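# Close look at the chain arrangement
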Amino acid sequence: QVQLVESGGGLAQPGGSLRLSCAASRLFFSNYAMSWYRQGPGKERDLVARISTGGNTNYADSVKGRFTISRDNGKNTVYLQMNSLKPEDTAVYYCKADGPFQRTYWGQGTQVTVSS
């Protein structure tokens, strides 16, 4: 059974940083585009950042210049480096894998809270 396990969430002060990780198991990781989504209180789940199998990246306008997505195919892990955090970044962050034959998998989510 495919598993995506997020870690690295927690409490950060405004202007601070956090690094999220998503470790994948039981899938051919390098064949999957990986994304981070987030869902704030009372909001829909929105795309934050995506990295293709070839390493191309794209970001939501709200996080451009502050967040960086990266992947390590040797470790089956995707990362989200979050800098200059703002209170509006508070959300549950989810990892998503999109692969061949429209296979899609989600992680269970990790809470990020930005507050002083």
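This report concerns the structure included in the present document. (Residues numbered from 1 in each chain as written. Predicted model: local features only at pLDDT ≥ 70, side-chain atom pairs only at ≥ 80, totals over all residues. Heavy atoms only, no water.)

### Some thoughts on the sheet that holds strand β1 (residues 3–7)
In space, the 4 strands of this open sheet follow the order β1-β3-β8-β7, with antiparallel pairing throughout. Looking at the sheet topology across the chains shown, the edges are occupied by β1 and β7 (67–72). Averaged over neighbouring strand pairs, the angle between their axes works out to 15 degrees when direction is ignored. Relative to strand β8 (residues 77–82), strand β3 (residues 18–25) runs antiparallel, the two being bridged by 6 bridges. (Pairing = 2+ DSSP bridges. Helix = DSSP H or I, 4+ residues; strand = E, 2+ residues; numbered from the N terminus. Axes fitted to C-alpha atoms, helices over the stretch in contact; angles between N-to-C directions.)

### Points about the nonpolar core
Judged by nonpolar contacts, the single largest core of 27 residues is most densely connected at Met34, Trp36, Val78, Leu80, Met82 and Tyr93. Secondary structure elements with two or more residues in this core: β3, β4 (33–39), β5 (45–51), β7, β8, β9 (91–98) and β11 (110–114). Non-local contacts of Val78, meaning those with residues more than four positions away in its chain, are made with Leu20, Ser21, Cys22, Phe29, Met34, Trp36, Ile51, Ile69, Ser70, Arg71 and Cys95. (Core = buried A, V, L, I, M, F, W, Y, C linked by side-chain atoms within 4.5 Å. Buried < 20%, exposed > 50% of the residue type's maximum accessible area, 1.4 Å probe, protein only. Contact = heavy atoms within 4.5 Å.)

### Focus on the pairing of β7
Going residue by residue along β7, you find Phe67, Ile69 and Arg71 tucked away on one face and Thr68, Ser70 and Asp72 left uncovered on the opposite face. In this structure, β7 lies alongside β8, joined through 6 bridges in antiparallel fashion. Bridging from a neighbouring strand, Asp72 pairs with Thr77 of β8. What sits between the antiparallel neighbours β7 and β8 is a turn of 4 residues, in which Asn76 has the positive phi angle 55 degrees.

### Some details on the state of the cysteines
Here a disulfide denotes a covalent bond joining the sulfur atom of one cysteine to the sulfur atom of another. A complete count under the given rule lists 1 disulfide for this structure. There is a disulfide in this structure between Cys22 and Cys95, and the S-S distance comes to 2.1 Å. Residues Cys22 and Cys95 are joined by a disulfide whose S-S torsion is about -80 degrees; by sign, that bridge is left-handed. Separated by 73 residues along the polypeptide, Cys22 in strand β3 and Cys95 in strand β9 bring together distant segments of the chain. Take Cys22 and Cys95: they sit in the same class, and that class is buried. (Disulfide = S-S within 2.5 Å.)

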